[in-house]
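Summary of structural features
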Amino acid sequence: MRTEQAFLFSPNYSISIPGGDMADRFTRFSSLGMGIDFKFENNLVVGVDYDGFFGDGVIDNGIFSNISGPSGFILDKDGQFTTIDLNVRGFNSSLNMGYLWAPNKKESFTGVLMMVGAGFLSHRIEFIAENDAIPQINEEYEKGYDQLTSGLVTKQYIGYQYSTNRNRYRFRLGVEFNQGQTEGRRTWDFNQNSRNDTERLDLITAIKLAIIVPVYTKQAQDEEFFID
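So, here's what we can say about the structure. Bear in mind that the values here come from a model prediction, so they are computed numbers and not experimental data.

Regarding the pattern of salt bridges
Here the structure, examined in full by the defined rule, presents 10 salt bridges. Between Arg166 and Glu107 there is a salt bridge, and its shortest N-O distance comes to 3.5 Å. Taken together, the positions of Arg166 in the loop between β8 (149-163) and β9 (170-184) and Glu107 in the loop between β6 (84-101) and β7 (111-129) put the pair 59 residues apart, joining distant regions of the chain. Since its relative accessible area comes to 15%, Glu107 is described here as buried. The partner of Arg200 in a salt bridge is Asp202, with the nearest N and O atoms 2.8 Å apart. Of the two residues, Arg200 and Asp202, both sit in the buried class. Connected through shared salt-bridge partners, Asp49, Asp51, Lys155, Glu176 and Lys208 make up one network.

Laid out in structure tokens, this is it:
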């Protein structure tokens, strides 16, 4: 008989919609992540997860207005016009606990999963230029424009988990709500010509799809003994 306890490894993909102060900086972006949970026999679940942000959904609020001309282009060291692509980068990691409500007792790994968690949120703007010959944003100068922000985050998750031995399909699909109490981590913002340490409320609503890879554990009462 299969044990009712297991480690659940869940690589996942999310579509994230920012809110609060984060919506002034980013539009929709994506994330790839990994979760590791342990489901107990009584359907309590504890675990950790990590999501890495990526995408091009950056709102350009004149980030380089002090080093660009009226056309919006920036001159490189050779005096040629160049453009810079802006990308979302960051991560969200947390410790989580919750409960799996499984109405069918014979399928104790399938049901509605509810989780809460707390952890650390960080995000910044990454610059990709046509060439690397832009001294205004190279090396240490980049830190004056990337708007690095981080802080503590709380989260809530609700979704449907399907995991059964009747077939190979094991997945989770749900919605995650994140609230980050963050602040700017750079000493100086070159564009605003001021300190970048304002306290922020960064909100993220993520639609998350995960594939589940279970590793079942055997309890003492499940052990089989053979006597000659």
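Thoughts on the packing of aromatic side chains
Overall, the coordinates contain 9 aromatic pairs when judged by the stated rule. Ring geometry for Phe26 versus Phe29: centroids 6.3 Å apart, planes at 70°, classification edge-to-face. Across the pair, exposure class does not vary: Phe26 and Phe29 are buried alike. Through successive ring pairs, a cluster of aromatic residues spans Phe7, Phe38 and Phe40. Seen from the ring of Phe109, Lys39 lies directly overhead, with NZ or CZ sitting 4.4 Å from the centre.

Reading the values: the criteria
Residues numbered from 1 in each chain as written. Predicted model: local features only at pLDDT ≥ 70, side-chain atom pairs only at ≥ 80, totals over all residues. Heavy atoms only, no water. Salt bridge = Lys/Arg side-chain N within 4 Å of Asp/Glu carboxyl O. Helix = DSSP H or I, 4+ residues; strand = E, 2+ residues; numbered from the N terminus. Buried < 20%, exposed > 50% of the residue type's maximum accessible area, 1.4 Å probe, protein only. Phe/Tyr/Trp six-rings, centres within 6.5 Å; stacked < 30°, edge-to-face > 60°. Lys NZ or Arg CZ within 6 Å of the ring centre and 35° of its normal.

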